[in-house]
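For reference, the chains in residue letters:
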Amino acid sequence: MTHLELHLRATRKAAPELRRHLHDHTFDVRLCATELLTNVIEHVGEGTPVTIHVIGGQAHGRTRIEVTDSDPRTLPAPLPATEAEESGRGLTLLDALTDRWGVEQGPDRKTVWCEITHHALHEEPSPRTTPPVPLMGL
């Protein structure tokens, strides 16, 4: 099983670094990992030390992403966002792209995690995927 562990500070510059480390993973994995990191920046604070675990991958059929920070009190909660707002959609996006997500609290930390199932290429598209439009006359 593939296992990546990163220790870094939650900064805007860390997001592209995280995506580079995940270059072998799907777009959804990179997006969810970046979103969890961004939540730490926005709600716990810029520069917060985080540990990121990415376990599994497409070849294993499932990926689990975990982002741990040192603030057990600041818990993620989906927020309603209007079209004009620039933020507030992260957990809604996470909920749409993952099979499940949650929070594990410790006395001096919390871990926000999510799991993504990867479907084999020969399977039917997931309900979130739009099938290709057939070309007429070909």
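Conventions we followed
- Note on numbering: residues in each chain are counted from 1, in written sequence order.
- Predicted model: local features are reported for residues with pLDDT of at least 70 only, side-chain atom pairs are reported and counted for 80 or more only, and whole-chain, interface and lining totals are derived from all residues.
- Computation of side-chain values: all heavy atoms of the structure, hydrogens and water removed.
- Buried, partly exposed and exposed residues are distinguished by accessible area as a fraction of the type maximum, computed with a 1.4 Å probe on protein chains only: under 20%, between the cut-offs, and over 50%, respectively.
- Each helix corresponds to a stretch of at least 4 residues labelled H or I by DSSP, and each strand to a stretch of at least 2 residues labelled E; elements are numbered beginning at the N terminus.
- In this analysis, strands are considered paired if DSSP registers two or more bridges between them.
- Note on definitions: angles span 0 to 180 degrees between N-to-C directions of axes, and those axes are lines fitted to C-alpha atoms, for helices only across the stretch in contact.
- How sure the predictor is of each residue is captured by pLDDT, a score from 0 to 100.
- Working rule for contacts: check all heavy atoms of both residues, and any pair within 4.5 Å makes them a contact.
- Basic side-chain nitrogens of Lys or Arg form a salt bridge, by our definition, when they fall within 4 Å of a carboxyl oxygen of Asp or Glu.

A.B. asks: Whenever I open this one, the pairing of strand β3 (residues 62-69) confuses me. Can you help?
C.D. replies: For a regular strand, side chains alternate in direction, first toward one face of the sheet and then toward the other. In terms of burial, β3 is largely enclosed, as 7 of its 8 residues are buried. The hairpin turn running from strand β2 (residues 48-57) into β3, its antiparallel successor, is 4 residues long, and Gly-61 in that turn takes a positive phi close to 85 degrees. In this structure, β3 lies alongside strand β5 (residues 110-117), joined through 8 bridges in antiparallel fashion. Residue Ile-65 lies in a different strand from β5, and its bridge partner there is Cys-114.

A.B. asks: Teacher, can you tell me more about the sheet that holds strand β4 (residues 100-105) here?
C.D. replies: As a general point, the strands of a sheet are linked pairwise by backbone hydrogen bonds and lie either parallel or antiparallel. Read across the sheet, 5 strands follow the order β1-β2-β3-β5-β4 without closing on themselves; strand pairing throughout is antiparallel. Each of the sheet's edge strands pairs with one partner strand only, and the pair in question is β1 (3-10) and β4. Going across the sheet, the axis of each strand differs from the next one's by a mean of 15 degrees, ignoring polarity. Relative to β5, β4 runs antiparallel, the two sharing 6 bridges. Its bridge partner being in β5, Arg-100 is matched across the sheet by Glu-115.

A.B. asks: Which parts of the structure should I look at to understand the confidence of the model for the protein?
C.D. replies: Low pLDDT means the predicted coordinates in that region are not meant to be read closely. Here the protein shows a mean pLDDT of 83. Residues at 70 or above account for 77%. When mean pLDDT is compared element by element in the protein, β3 scores highest at 96, while helix α3 (residues 90-97) scores lowest at 84. Confidence drops under a pLDDT of 50 for residues 121-126, and excluding neighbours within four residues, the segment shows 1 contact in the predicted structure.

A.B. asks: Please explain the pattern of salt bridges as it appears in this structure.
C.D. replies: Any two side chains of opposite charge can pair, so long as their charged atoms come close to each other. By the definition in use, this model includes 9 salt bridges. Across the pair Glu-115 and Arg-64 runs a salt bridge, and its minimum N-O distance is 2.8 Å. Of this pair, Glu-115 sits in strand β5 while Arg-64 sits in strand β3, and the two are 51 residues apart along the sequence. With relative accessibility at 8%, the residue Glu-115 sits in the buried group. For Arg-64, a relative accessible area of 16% puts it in the buried group. Because the salt bridges share partners, they merge into one network encompassing Arg-62, Arg-64, Glu-66, Asp-99, Arg-100, Glu-104 and Glu-115.

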